[in-house]
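Okay, here's what each chain looks like letter by letter:
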Amino acid sequence: MSVNNSVNGTPNTEVLDSPFLKILIQQIRGQDTYGVYRNWSNELILKPFVVTKQKKREISLEGEVDLITQARIMAFFRAVAAGIEQETGLISQVVIDLSHEGFGWALVFSGRLLLAMKTLRDAHRFGFDSLEKLAEEGENFVQKGIDLAKRFPEVGKL
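Overview of the structure.

Conventions adopted
Residues numbered from 1 in each chain as written. Predicted model: local features only at pLDDT ≥ 70, side-chain atom pairs only at ≥ 80, totals over all residues. Heavy atoms only, no water. Helix = DSSP H or I, 4+ residues; strand = E, 2+ residues; numbered from the N terminus. Buried < 20%, exposed > 50% of the residue type's maximum accessible area, 1.4 Å probe, protein only. Contact = heavy atoms within 4.5 Å. Axes fitted to C-alpha atoms, helices over the stretch in contact; angles between N-to-C directions. Parallel < 35°, antiparallel > 145°, perpendicular 65-115°, else oblique. Left-handed = near helix turned anticlockwise from the far one by under 90°. Nonpolar A, V, L, I, M, F, W, Y, C, P; charged D, E, K, R; others polar. Phe/Tyr/Trp six-rings, centres within 6.5 Å; stacked < 30°, edge-to-face > 60°. Salt bridge = Lys/Arg side-chain N within 4 Å of Asp/Glu carboxyl O. 1 Å grid on protein atoms, 1.4 Å probe; cavity = no way out; pocket = protein on both sides within 12 Å on 5 of 7 lines; lining within 4 Å. Points joined across faces, edges and corners; volume = space filled by probe spheres on them. Core = buried A, V, L, I, M, F, W, Y, C linked by side-chain atoms within 4.5 Å.

In this section: the side chain of S92. Here S92 lies in the loop between α5 (67-88) and β1 (93-98). Take S92: its relative accessible area is 8%, and that puts it in the buried class. Not counting residues up to four positions away in its chain, the partners in contact with S92 are A81, I84, E85, V108, F109, S110 and L115.

Here's what the structure looks like:
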């Protein structure tokens, strides 16, 4: 692997400075028990999350959702939970229920409080148009979860 292992040769540092993307990278690196991502740039680690519309059309919906895609979905929602947890102090958990056809739910909760929920459809094609969209979507989930946690703190502590 080369020293400059960025996606396009010129990493966009403004986007990579997004608080959500930093948390997402931290979650992915934290799950890397064999040190595969040790020498990878942050942009290269995030590259699988960017799936263009053309690429989505090429992905078949037949068969099981592959394990790599499932791990990407889990990493995204774990990053949402970690972002909420950092801001509120409430321990947040993630549950992903995904059928073999790619339909299901992603839930982020704390105590008895549901902080974030996403209906998953065509999970085979999970991804975002750009790193900017990834950061924006993640930050929206985190902010809405923080707002709920602040509105109902007693429920989050049950």
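Structure shown, so let's carry the discussion forward.
This brings us to the packing of α5 against helix α6 (residues 131-151). One way to put it is that α5 packs onto α6 with a least axis distance of 9 Å and a crossing angle of 45°. What the angle tells us is that α5 and α6 run oblique. For α5 against α6, the interelement crossing comes out right-handed. Residue-level contacts link F76, F77, V80, G83, I84, E87 and T88 of α5 to L134, E137, G138, F141, V142, G145, I146, A149 and K150 of α6. Looking at the contact of α5 with α6 residue by residue, the classes come out as nine nonpolar, four polar and three charged.

Here we come to the packing of aromatic side chains. In the structure shown here, the tally under the stated rule is eight aromatic pairs. Measuring from ring centre to ring centre gives 4.9 Å for Y37 and W40, while their planes differ by 75°; the resulting arrangement is edge-to-face. On the basis of relative accessibility, which here comes to 26%, the residue Y37 falls in the partly exposed class. Both rings, one in F76 and one in F128, keep their centres 5.3 Å apart while their planes meet at 35°; by these two values the pair is tilted. Remark: F128 occurs in the loop between β3 (113-120) and α6 and F76 occurs in helix α5; sequence separation between them is 52 residues. On the accessibility criterion, F76 (1% relative accessible area) is buried. Through pairs of rings, three or more aromatic residues link up here, namely F20, F76, F77, F126, F128 and F141.

Turning our attention to the pattern of salt bridges. The tally for this structure, following the rule as stated, stands at one salt bridge. The salt bridge involving K150 is made with E87; its shortest N-O contact spans 4.0 Å. Of this pair, K150 sits in helix α6 while E87 sits in helix α5, and the two are 63 residues apart along the sequence.

Let us now look at the layout of surface pockets. In this structure, the largest pocket encloses a volume near 430 Å³. Around the largest pocket, the lining is made up of 18 residues, and of these I28, Y37, I68, A71 and R72 lie nearest the centre. Counting residues per element, the lining of the largest pocket draws most heavily on α5, which supplies seven residues.

In summary, soluble globular proteins display a tendency toward joint burial of nonpolar side chains. Membership of the largest hydrophobic core comes to 39 residues, with the highest contact counts inside it found for L24, F76 and L134. Counting only elements with at least two residues in this core, the list comes to α1 (13-16), α2 (19-30), α3 (42-46), α5, β2 (104-110), β3 and α6. If you tally residues by element for this core, the top one is α5, at nine residues. Leaving out residues up to four positions away in the same chain, L24 has contacts with L46, F49, A75, F76, A79 and L134.

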